[in-house]
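Descriptive structure summary
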Number of protein chains: 2
Amino acid sequence: MLRIFILGTGNLGGHLVRYFDSLKKSETSDVALKGYSNASKKVLPGINAPLIENIAQIPEVDMILLAVGDNQIEVLNSQLPLDGTTIVHTSGSISLDALNHHKNRGVLYLPQSFSTDRKPHFNEITACLEASNDHVLQQLGLLGNTLSRKRKYLNSLQRKNLHLAAVYINNFVNHCYTKGFEILEKENIPTELLLPLMQETLEKANDLSPANAQTGPAVRGDSITIQSHFDSLSTSDQEMYAAITRSINKKINL
Amino acid sequence: MLRIFILGTGNLGGHLVRYFDSLKKSETSDVALKGYSNASKKVLPGINAPLIENIAQIPEVDMILLAVGDNQIEVLNSQLPLDGTTIVHTSGSISLDALNHHKNRGVLYLPQSFSTDRKPHFNEITACLEASNDHVLQQLGLLGNTLSRKRKYLNSLQRKNLHLAAVYINNFVNHCYTKGFEILEKENIPTELLLPLMQETLEKANDLSPANAQTGPAVRGDSITIQSHFDSLSTSDQEMYAAITRSINKKINL
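Residues numbered from 1 in each chain as written. Chains lettered and ligands numbered in written order. Predicted model: local features only at pLDDT ≥ 70, side-chain atom pairs only at ≥ 80, totals over all residues. Heavy atoms only, no water.

Some words on the interface of chain B and chain A
Between chain B and chain A, the contact holds 85 residues from the first and 85 residues from the second. Carbon and sulfur atoms make up 62% of the area that chain B and chain A hide from each other, which totals about 8500 Å². In terms of surface lost to chain A, no three residues of chain B exceed Arg118, Tyr168 and Ile169 of chain B, which account for 9% of the buried area on that side. If you look at where chain B meets chain A, you find 10 salt bridges. For the interface between chain B and chain A, the tally reads 33 residue pairs in polar contact (both at pLDDT 80 or more). Broken down by element, the residue count for the side of chain B that touches chain A peaks at 26 residues, all from helix α4 (residues 156-186) of chain B. Taken together, the residues of the side of chain B that touches chain A sort by class into 39 nonpolar, 27 polar and 19 charged. (Contact = heavy atoms within 4.5 Å. Buried area = accessible area lost by both parts, 1.4 Å probe. Salt bridge = Lys/Arg side-chain N within 4 Å of Asp/Glu carboxyl O. Polar contact = N/O pair within 3.5 Å; in protein donor to acceptor, adjacent residues only side chain to side chain. Helix = DSSP H or I, 4+ residues; strand = E, 2+ residues; numbered from the N terminus. Nonpolar A, V, L, I, M, F, W, Y, C, P; charged D, E, K, R; others polar.)

With respect to the relation of the copies chain B and chain A
The two copies are related by a screw operation: chain B maps onto chain A through 180 degrees of rotation and 0.0 Å of translation along the axis, at an RMSD of 0.0 Å. This pairing of chains is accounted for by a two-fold axis. Looking at the rotation axis and the C-alpha trace of chain B, the residue lying nearest is Val173 of chain B, at 2.5 Å. Counting the interface residues of chain B, we find that 100% of their copies in chain A are interface residues as well, pointing to one common contact surface. (Least-squares fit on C-alpha atoms with pLDDT ≥ 70 in both.)

Describing the sheet that holds strand β6 (residues 127-131) of chain A
All names here are of chain A. If you trace the 7 strands from one edge of the open sheet to the other, you get β2-β1-β3-β4-β5-β6-β7, paired in mixed fashion. Edge strands, defined here as strands with exactly one partner in the open sheet, are β2 (31-37) and β7 (151-153). Neighbour-to-neighbour, the strand axes of the sheet open up by a mean angle of 25 degrees, direction not taken into account. Against the sheet, helix α3 (residues 134-147) touches β1 (2-7), β2, β3 (63-66), β4 (86-89), β5 (105-109), β6 and β7, its axis set at about 170 degrees to β6. (Pairing = 2+ DSSP bridges. Axes fitted to C-alpha atoms, helices over the stretch in contact; angles between N-to-C directions.)

Thoughts on the sheet that holds strand β4 (residues 86-89) of chain B
Residue and element names in this part refer to chain B. Strand order in this open sheet of 7 strands is β2-β1-β3-β4-β5-β6-β7, and the pairing throughout is mixed. Of all the strands in the sheet, the pair left with one neighbour each is β2 (31-37) and β7 (151-153). Averaged over all neighbouring strand pairs, the angle between strand axes comes to 25 degrees, with direction disregarded. Running at roughly 25 degrees to strand β5 (residues 105-109), α4 makes contact with β4, β5, β6 (127-131) and β7 of the sheet.

Some words on the side chain of His163 of chain A
Relative to the helices and strands, His163 of chain A resides in helix α4 (residues 156-186). His163 of chain A sits in the buried class, given a relative accessible area of 13%. Ignoring anything within four residues of it in the chain, the contact list for His163 of chain A reads Gly92, Ser93 and Tyr109 of chain A together with Thr225 and His229 of chain B. (Buried < 20%, exposed > 50% of the residue type's maximum accessible area, 1.4 Å probe, protein only.)

A short note on the pairing of β2 of chain B
Every regular strand shows the same layout, with side chains that alternate between the two sheet faces. Residues and elements named next belong to chain B. Counting buried positions along β2 gives 6 out of 7 residues, so the element sits mostly inside the fold. Two elements, strand β1 (residues 2-7) and β2, share 6 bridges in a ladder whose sense is parallel. Across the sheet, residue Leu7 finds its bridge partner in β2, namely Ser37.

Concerning the pattern of salt bridges
Summed over all chains, the structure comprises 24 salt bridges over all chains. The shortest N-O distance in the salt bridge between Arg118 of chain A and Asp207 of chain B comes to 2.6 Å. In this pair, Arg118 of chain A is assigned in the loop between β5 and β6 and Asp207 of chain B in helix α5 (residues 195-208), connecting two distinct chains. One salt-bridge network, in which partners are shared between bridges, spans Arg118 of chain A together with Glu200, Glu203 and Asp207 of chain B.

Dropping the structure here:
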């Protein structure tokens, strides 16, 4: 039985608390949530595990899971007691060594975009794990297994690159959606109109690989359409349009 | 009954020929495909309607549908007989007036990315229509209705902007997928790992609007992570990363 404590109840932490707390009802679970804490000292409704207001009063557990902002990880590295409890952070871009005061340290990175009001499907997400030793590796295996059958061991550099890839396919993709929707809204065209194309873009990228699925004026080298698009954009939108167009072109001419 | 002829059997034209040809089996259809032609003079397998090798021999029809490259539309505007037959093009970025030799002219734009080997779901796509007069409008209504219950009347400028929006949410999104996948492949991380995040990005953008769904280092102003990403990119990838990051930042600070 792995006894855990969760520090931070934001988008990810809140979902982890709810998920592990709900396991209490099942007698077969290998993971037991013993409590949680957050900066605002707010009790989460419907959770059996207790809110601990002061991190000096964290109960005896096998693992403390940090679901906090990236800049808090180093702070907690110094603040948490050096009693051998395993400390695990959940950040994509922070290395394992940010927890170097603790000999038992690990990372559980879930490459997904979490929101408070959207229930995540943990079983679809690959739990990306890193551990400082075999003891932690075994603990993380147990924890990861409880969340998802999909697991992958990545070192800090691989994870950092995975996080960078996630910035492209989540943040940057979402911003392209934003720019496309802006154009439609200006013309009073309902944005639902593009939903089938958004869905097809995703499915095609997965079926063919995105490099093989690319179409459009940039890949065709259709300079007349590109120039006409460019002219119809505000100067503040031209830089991004031009940079992506050039990057598509470079990819083709490799 | 609307008798049509399809000129061009590429990604879109091929699917339209197959779709309208299959309607022949149904006695209730309002649209009848009388033939098709293509530059390579190739018979499409399994199609009942005849291939016409020479455009001077197009049979008598009510409408000729052009599913050709953008630059062919003006050429055909001059070449097609001026006998009152309705001429309709299918391009997002070309105006209705590119067919100005023909008093009965129209546009049927289907904002989707078509591929030869993927069967489109026409009923999910909004048929975007434009017509030079009421006669053509009625014909296009009949044609559009046969493809999809979703229809929208857009003028040439609106359609051009819709096409520009489609470039963002299809071509540019796909290129962000390409760049993300490139990073994973370099690290030997299977790209399926990011599929749940790609799917969630799409669903969240549609539920919350992409502007409200934006997360990540650019929107947080996390300059340390941004700099570290930037440093790990090749110089040829830095321009696009920087341009999108700046654009996300501008959007936030509006």
